[in-house]
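Inside the fold
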Amino acid sequence: MNIDSIKNGYVIDHIKAGRGMQVYNQLRLNELDCQVAIITNAKSQKSGKKDIIKIDKDIPIDLDVLGFIDHNITVNVVKDDTIIDKRKLSLPEKIVNVAKCNNPRCITSIEKDLDHIFILTDKENEVYRCRYCEMSLKKK
């Protein structure tokens with residue numbers, strides 16, 4: 001398999017195997033007019049298998065979205081064929097419009113233009129709660 005290196009952009013590495021498409025969809029990478037490579041089930045010494053995404057364009061990336069999906073992800077920033085920065089992620093304290101509240105009585109079910117906001121309430125168990133109704137959202 002031959003995947004070109006990227007000149008300017010990002011390498012999103014150490015994505016838990018099977019979550020690469022979730023990252024792709026959440027970041028709306030399908031809307032980009034550039035090369036995007038998704039590598040699934042790549043060999044990893046640390047975890048056995050991992051997914052990797054290469055983006056050949058310098059775009060804004062929402063690190064909170066990535067941290068929510070998988071806080072073990074590493075984002076490598078590439079400039080002129082060289083990694084200039086390596087960003088480690090953590091669970092974000094707050095996520096906005098990344099997940100939807102499943103409570104049918106929540107105000108977000110009625111007010112369609114209202115942001116879906118979740119606050120991290122239990123870091124150890126990765127539990128978020130809806131800002132409006134307190135419904136819990138446990139990460140899978």
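Residues numbered from 1 in each chain as written. Predicted model: local features only at pLDDT ≥ 70, side-chain atom pairs only at ≥ 80, totals over all residues. Heavy atoms only, no water.

**Here we look at the packing of aromatic side chains**
- Summed over the entire model, instances satisfying the criterion amount to 1 aromatic pair.
- Seen in terms of ring centroids, Phe68 and Tyr128 are 5.3 Å apart; in terms of plane orientation they differ by 75°. Their pairing is edge-to-face. Residue Phe68 is found in helix α2 (residues 63–69), and its partner Tyr128 is found in strand β8 (residues 127–130); the two are separated by 60 residues along the sequence. (Phe/Tyr/Trp six-rings, centres within 6.5 Å; stacked < 30°, edge-to-face > 60°. Helix = DSSP H or I, 4+ residues; strand = E, 2+ residues; numbered from the N terminus.)

**Overview of the nonpolar core**
- With 30 residues, the main nonpolar core has Ile12, Val23 and Leu66 as its most contacted residues.
- Listing elements by their share of this core, those giving two or more residues are β1 (9–16), α1 (20–26), β3 (48–55), α2, β4 (74–79), β7 (117–122) and β8.
- Looking at which element gives the most residues to this core, the answer is α2, with 4 residues.
- Beyond its immediate chain neighbours, meaning those up to four positions away, Val23 contacts Ile12, Ile15, Ile53, Leu66, Ile69 and Ile73.
- Formed by 6 residues, the second largest nonpolar core is a distinct cluster that contains Ile6, Ile39, Ile52 and Val78. (Core = buried A, V, L, I, M, F, W, Y, C linked by side-chain atoms within 4.5 Å. Buried < 20%, exposed > 50% of the residue type's maximum accessible area, 1.4 Å probe, protein only. Contact = heavy atoms within 4.5 Å.)

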